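# Working through the structure, step by step
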Amino acid sequence: MSPDQLDAPALSESPQGEIVQHVLQAALRAVDPAAAVARNLIRAGDLLTVGEKTWNLSSIRRVWLVGAGKAGAPMAHAAAKILIDVIFAGLVIVKEGYAGNAQDRLPDRIKIVEAGHPLPDERGLKATGEMISLLNKAGEGDLVICLISGGGSALLTAPAEGITLDDLQKTTANLLACGASIEEINALRKHLDAIKGGGLARAAAPAEVVTLILSDVVGDPLDVIASGPTVADTTTYADALDVLARYRLEDDTPGSIINHLREGKAGKWKETLKPGDATFDRVYNRIIASNYQAALAGLAEAHACGLNPLLLTTYLQGEARQVGRSLAAVARQLASSEHPLPRPACIIAGGESTVVVSGNGLGGRNLEAALGAVTEMDGLADTFLVTLATDGGDGPTDAAGAVVTGSTLRRALELGMNPQDFLERNDSYHFFSGLGSLIRTGPTQTNVNDLNFLFTF
């Protein structure tokens, strides 16, 4: 489904819903991966320019195309459209269901492979092995175009010696459920894997590498996005062990992983590539789309629709249900005093929250944030909170987010649904599904983190 065809019954039934949908759609269109690649990969004859760097393709021996992430398919198609005559071979790994018809539009020498996310699987393991073999063939005088977007950490999987896929899956699942930040999770991932933490750049050396990146991490830290496969890593084996200790995961972590991290700390295993390593003299990383860009586009559309717009932050973090309560507090301030903006208003807050999973329900961080806001928003007239995963999939669900209004609590209680009960079960999906308040976009094929929209009319 296209972002321009949002499935959002709670908005369609409201007289102001059309405006809300226009703002959401504008934010998603601004971070369209293919358009972002086209804006940043500029070719004029034999001259290829990315940012402030230019290459003469006539002096390049071979061009390789690799990548991983939820936005990989449209990024690959856009890059191939520009460089099709010079690409020697390529392989891009995308989340299952995100390939679309990209392979049909690409020559056989450029492969699009689907794999598991958020847990790595055998498909990702095999495809990453093929990618490393491909990169090892690149040499002096070659240019590797690397396309990275959110989800790349799970899709690029090359376990370190002695670590099995099952070990990685169990550890990843534990980290995702404990409330750890993406920075903490990826510090561990980088020390359990050969291609993360600069490993892809090392595999491609001595070829030059240009990486185009869609950021899905708050603040756009290059070494954290997709676990920084072409970026120097500032974390260590000791840091990775500290994460396990901080969340009391040592006893539930496979022994092979604990042993590997301890041996790495003791110096038995090589560290990830660090700042100053000569490998990065031939690497150029560039962010081409971000949460900030999406938020700005949403604000511009809100202004065009006659609303007073404000960007609250793109650094929103914390436990999801508390994030929801905080957003609801802003909504109540807007509704009661018209501060910080007069009506009609649109406030946008971007970032990424976390969920501590203690129940057996279904949901993701955007849905849980929305559920956390329900009680606090009760009774607010002409007020909407919309939470949105920009990739179109909130956690293990088919929803991108949810809509909360001043009548959500009343409607839920009339149906015998207490939001606190659903919070305790981490079952936000079924709460909003029962109210017809889910937002579905299908895979948007982009991924720049989460956006939250507050509207008062």
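Above this text you will find the structure in question.
In short, a report on the structure. One numbering rule holds for all chains: residues counted from 1, following each sequence as written. pLDDT decides what is reported in this predicted model: residues at 70 or higher carry local features, side-chain atom pairs at 80 or more are listed and counted, and totals for whole chains, interfaces and linings draw on all residues regardless. Heavy atoms throughout the structure, all of them, feed into the side-chain values; hydrogens and water do not.

## What to know about the packing of aromatic side chains
Pairing of aromatic side chains here covers Phe, Tyr and the six-membered ring of Trp, requires ring centres within 6.5 Å, and sorts the geometry by plane angle: under 30 degrees stacked, over 60 edge-to-face, intermediate tilted. The final tally for this structure, using the stated rule, is six aromatic pairs. On the numbers, 5.1 Å between centres and 85° between planes, the contact of Phe431 with Phe432 is edge-to-face. In this structure, Phe431 and Phe432 share a single accessibility class: buried. Every member of this aromatic cluster is reached through a ring pair, and the members are Phe384, Phe453, Phe455 and Phe457. Directly above the ring of Phe422 sits Arg425, whose terminal nitrogen or CZ lies 4.5 Å from the centroid. Throughout this description, buried means an accessible area under 20% of the type-specific maximum (1.4 Å probe, protein chains only), exposed means over 50%, and partly exposed covers the range between. In this analysis the charged atom, NZ for Lys or CZ for Arg, is taken to sit over a ring once it is within 6 Å of the ring centre and within 35 degrees of the ring normal.

## A few points about the packing of helix H13 (residues 320-337) against helix H14 (residues 365-373)
Relative placement of two packed helices is described by the angle separating their axes and the distance separating the axes. For the pair H13 and H14, the least separation of the axes is 6 Å and the interaxial angle reads 50°. The angle between H13 and H14 places the two elements in the oblique class. Seen along the crossing, H13 lies across H14 with a hand that is right-handed. On H14, the residues touching Ala320, Arg321, Gly324, Arg325 and Ala328 of H13 are Arg365, Glu368, Ala369, Gly372 and Ala373. For the contact of H13 with H14, the per-class residue count stands at four nonpolar, two polar and four charged. In this analysis an axis means a line fitted to C-alpha atoms, helices contributing only their contacting stretch, and an angle means the value between N-to-C directions, from 0 to 180 degrees. Segments assigned H or I by DSSP are reported as helices when at least four residues long, segments assigned E as strands when at least two residues long, and all are numbered from the N terminus. Roughly parallel refers to an angle under 35 degrees, roughly antiparallel to one over 145, roughly perpendicular to one between 65 and 115, and oblique to any angle outside these ranges. If you view the pair so one helix is near and one far, a crossing is left-handed when the near helix is turned anticlockwise from the far one by less than a right angle, and right-handed when it is turned clockwise. A contact between two residues is defined here by any heavy atoms of the two lying within 4.5 Å. Throughout this entry, Asp, Glu, Lys and Arg are counted as charged residues, while Ala, Val, Leu, Ile, Met, Phe, Trp, Tyr, Cys and Pro are counted as nonpolar. The remaining residues, Gly among them, count as polar.

## Comments concerning the sheet that holds strand E1 (residues 42-44)
DSSP bridges decide pairing: two strands pair if at least two such bridges lie between them. Taken in spatial order, the three strands of this open sheet run E1-E2-E3, and their pairing is antiparallel. Each end of this open sheet is capped by a strand with a single partner; those strands are E1 and strand E3 (53-56). If you compare each strand with its neighbour and ignore which way they point, the axes differ by 20° on average. Here four bridges tie strand E2 (residues 47-50) to E3, and the two strands are oriented antiparallel to one another. Bridged to Thr49 within E3 is Thr54.

## Remarks on empty space enclosed by the protein
Think of a 1 Å grid over the protein atoms and nothing else: a 1.4 Å probe that fits but is trapped marks a cavity, an open set flanked by protein within 12 Å on at least five of seven lines marks a pocket, and residues with an atom within 4 Å of a point count as lining. Grid points are joined across faces, edges and corners, and a volume is the space filled by probe spheres set on the points. As enumerated under the stated definition, the model contains two cavities of 30 Å³ or more in all. By volume, the largest cavity is sized at about 120 Å³. Lining the largest cavity are 14 residues, and of these Pro120, Leu168, Thr172, Arg189 and Lys196 sit closest to its centre. Put simply, the parts of the chain that give the lining of the largest cavity at least two residues each are helix H6 (152-155), helix H7 (165-178) and helix H8 (182-190). Examining the composition of the lining of the largest cavity, we find that four residues originate from one element, H7, more than from any other. The residue makeup of the lining of the largest cavity, split by class, is seven nonpolar, four polar and three charged. The calculated volume of the second largest cavity comes to roughly 70 Å³. Sorting the residues of the lining of the second largest cavity by element identifies H14 and strand E15 (450-456) as the ones contributing at least two each. The greatest single-element share of the lining of the second largest cavity, amounting to three residues, is contributed by H14. Tallied by class, residues from the lining of the second largest cavity come to three nonpolar, four polar and three charged.

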